[in-house]
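# Remarks on the overall topology
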Amino acid sequence: MNDFGELLYAGKTDTNKNGIVFILLGILAIVGANFIYAKTMLMVIGGVLILVGLYLLLFKRSEKFSIYENTIVLTLKGQEFSIPKEQISHIEYEEIKVRRSPVVNYYPVLILNDQRRVLINRPFNSIINQDLKKVIESYL
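Attention here is on the structure that accompanies the text. What you see is a predicted model, and the numbers here were worked out from it, not measured in a lab.

For the rest of this paragraph, the subject is helix α3 (residues 130-137). Listed in full, the buried residues belonging to α3 are Leu132, Val135 and Ile136. Down the axis of α3, the sector holding all buried residues measures 95°, keeping them to one side.

Right, dumping it as structure tokens:
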């Protein structure tokens, strides 16, 4: 235990998964181009998908965050930012509904005392990340 208190939740944001999926789709498109007549178009699409995936992996890396008893620690681009519990006035939820899905995702948004908003890019819904939901709802 450190001066932040007991660790309640530790996680990463979802950015790395998207990069890997784009790279795999690009490789699949390039390999699949060998089996169809219009090879060039599918190879170009595969190359673009691989470039988007590399961009997401290299420049939009996942960020770590930890929720302790007394503070929330965010690691953004190699720098560690701590937000003490006293600076958080309340927590709101940003609602994102995915098209063609009955499940609604919620992203926690920390509203600080000086009215700045800090988005934690880790969704939860009725199916996934229920432990994050419990920690966030009982935090303040």
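What follows covers the sheet that holds strand β7 (residues 117-119). Spatial strand order, β5-β6-β7: three strands in an open sheet with antiparallel pairing. Each edge of the open sheet carries a strand with a single partner, namely β5 (88-97) and β7. Mean inter-strand twist for the sheet, computed between neighbouring axes without regard to direction, equals 30°. Relative to strand β6 (residues 104-112), β5 runs antiparallel, the two being bridged by nine bridges. Bridge pairing in β6 links His90 to Ile111.

Conventions used here
Residues numbered from 1 in each chain as written. Predicted model: local features only at pLDDT ≥ 70, side-chain atom pairs only at ≥ 80, totals over all residues. Heavy atoms only, no water. Buried < 20%, exposed > 50% of the residue type's maximum accessible area, 1.4 Å probe, protein only. Helix = DSSP H or I, 4+ residues; strand = E, 2+ residues; numbered from the N terminus. Arc of directions from axis to C-beta. Pairing = 2+ DSSP bridges. Axes fitted to C-alpha atoms, helices over the stretch in contact; angles between N-to-C directions.

Purely spatial values, then, with no claim about function.
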